[in-house]
Amino acid sequence: MSQPRSEQPELLVLRALMPAQMEQLEQAFRLHRYDLADEPNALLDAVGSRIRGVVTGGVPGFKAEMLPRLPALEIVSTSSVGTDSIAVAACKEKGVYVTNTPEVLNDDVADLAIGLVLNALRRLGDGHEYVRSGQWAQRGMMPLGRTLKGKRMGIVGLGRIGLEIAKRAEAMKMEILYTSRSRKDVPYTYHATPAELAANCDVLMLACPGGPETRHLVNASVLAAMHKDAWLINISRGSVVDEAALISALERKAIGGAGLDVFDNEPHIDARFQQLENVILFPHHASGTIETRTAMSQLVVDNLKAHFSGQPLPTPV
Ligand code: NAP
């Protein structure tokens, strides 16, 4: 049964969840829609002191500057596994809990990662364009792709998602190599640094978190270590790659290409990417399925309900 309106904890919504989960929130809480407000600042002035929970996502995240305006805040719940856009340390310092959505998105993100590899090596997008544009009938067979079997996939960040990517790549008969902060008990070859990994693989797959610790982990020297047919695939965060160095490598055809789901400055990405032919571009949508976004949304609701009923948080950061 939903609580009487006056006793319902008040939440600030920075980003909406899926409709069914928004309905659950509406039943249990009093919502203030910062995401829809014409004057978000005025909304904060009016209700900020009563807000006990924040609902957000990887975009727009949650900035430390908001904390002084939300003095009663107890919990920030993000519909994302990545917390690089959430001021986690500042929240913890104020005793504000942060929750995220690990695990439920692993499969879709890993599927998309493999999709980008298939698109890169087997040229799915090119083939689609070849048929659609009539080139098939005019020119005959399109240029050949490359086989996945036997190729070496080097994974940067063998965590929850990285492991799912590895399993799928194994099924495609690829050889798996990896680097992580720590060595894992897995039958894959460990390399101590991204540069060493880059020098030894055909597909460099980024699956680590974003944030200051991994900023430009893939820089000009890592890209220079890749061989000229190797592809970079990034489903992690744009910040992990030095984009200027990547664009330079792509323009010089120093690497085979790049399959990118994530960028700096999304969605206003560097326009040079749109001019390049050796890229596959995807709009940060690796977890973008109805099923997974529903599961992520439900986890946000479950965390908030658990917190406000004194239960342990399902997925605290
Ligand atoms: P996770 O389980 O925490 O795994 C992260 C892995 O990265 C761990 O193996 C960790 O190593 C490794 N790592 C951390 N810092 C590193 C560094 N400096 N150098 C090398 N490896 C490092 O996280 P996850 O659930 O798999 O998610 C990974 C990331 O994927 C998220 O943080 C998010 O940014 C991204 N993501 C993107 C999308 C999308 O839509 N494109 C969707 C979901 C997630 P240790 O195990 O040794 O600590």
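Here the structure is shown first, and the text comes after it.
Predicted, not measured: the structure shown is a model, and the values here were computed from it. (Residues numbered from 1 in each chain as written. Predicted model: local features only at pLDDT ≥ 70, side-chain atom pairs only at ≥ 80, totals over all residues. Heavy atoms only, no water.)

(A) Structural detail: the site of the ligand. Ile 161, Arg 181, Ser 182, Lys 184 and Asp 261 are the nearest of the 28 residues found near the ligand. Backbone polar atom of Arg 160 to an oxygen atom of the ligand: 2.9 Å apart, as the coordinates give it. Asp 261 is positioned such that a nitrogen or oxygen atom in its side chain is 2.7 Å from a nitrogen atom of the ligand. Protein chains bury 88% of the 930 Å² of accessible surface belonging to the ligand in isolation. (Near = heavy atom within 4 Å. Polar contact = N/O pair within 3.5 Å; in protein donor to acceptor, adjacent residues only side chain to side chain. Areas by Shrake-Rupley, 256 points an atom, 1.4 Å probe, with all protein chains shown as cover.)

(B) View of the sheet that holds strand E2 (residues 30–33). The strand order across the open sheet formed by five strands is E2-E1-E3-E4-E5, and the pairing between neighbours is parallel. Each edge of the open sheet is held by one strand with a lone partner, namely E2 and strand E5 (97–99). Averaged over all pairs of adjacent strands, the angle between their axes in this sheet comes to 20°, without regard to strand direction. Inspection of the sheet shows strand E1 (residues 10–13) paired to E2 by four bridges, in the parallel sense. Residue Glu 10 lies in a different strand from E2, and its bridge partner there is Arg 30. (Pairing = 2+ DSSP bridges. Helix = DSSP H or I, 4+ residues; strand = E, 2+ residues; numbered from the N terminus. Axes fitted to C-alpha atoms, helices over the stretch in contact; angles between N-to-C directions.)

(C) Representation of the pairing of strand E3 (residues 51–57) in the model. Counting buried positions along E3 yields six of seven residues, so the element is predominantly enclosed. Note: E1 against E3, four bridges, orientation parallel. Across the sheet, Glu 10 pairs through a bridge with Ile 51, a residue of E3. Sheet topology note: the E3/strand E4 (residues 75–79) ladder contains five bridges and is parallel. Of the residues in E4, the one forming a bridge with Thr 56 is Thr 78. (Buried < 20%, exposed > 50% of the residue type's maximum accessible area, 1.4 Å probe, protein only.)

(D) Geometry of the layout of surface pockets. In this structure, the second largest pocket occupies an estimated 980 Å³ of space. Together, 30 residues line the second largest pocket, and Ala 120, Arg 123, Asp 126, Trp 231 and Glu 277 are the ones closest to its centre. The set of elements that each furnish at least two residues to the lining of the second largest pocket consists of helix H4 (106–122), helix H5 (124–132), helix H6 (135–139) and strand E12 (279–281). A class-by-class count of the residues in the lining of the second largest pocket yields 12 nonpolar, seven polar and 11 charged. (1 Å grid on protein atoms, 1.4 Å probe; cavity = no way out; pocket = protein on both sides within 12 Å on 5 of 7 lines; lining within 4 Å. Points joined across faces, edges and corners; volume = space filled by probe spheres on them. Nonpolar A, V, L, I, M, F, W, Y, C, P; charged D, E, K, R; others polar.)

(E) Region of the structure containing the environment of Ile 247. Along the chain, the position of Ile 247 falls in helix H10 (residues 243–251). With relative accessibility at 0%, the residue Ile 247 sits in the buried group. A C-alpha to C-alpha distance of 28 Å links Ile 247 and Glu 164, two positions 83 residues apart in sequence.

(F) Geometry of the packing of H4 against helix H7 (residues 160–171). Where H4 contacts H7, the two axes come as close as 8 Å, and the packing angle between them is 50°. Judged by the angle between their axes, H4 and H7 are oblique. For H4 against H7, the interelement crossing comes out right-handed. Across the interface between the two elements, Asn 106, Asp 107, Val 109, Ala 110, Asp 111, Ala 113 and Ile 114 from H4 touch Arg 160, Ile 161, Glu 164, Ile 165, Arg 168 and Ala 169 from H7. (Parallel < 35°, antiparallel > 145°, perpendicular 65-115°, else oblique. Left-handed = near helix turned anticlockwise from the far one by under 90°. Contact = heavy atoms within 4.5 Å.)

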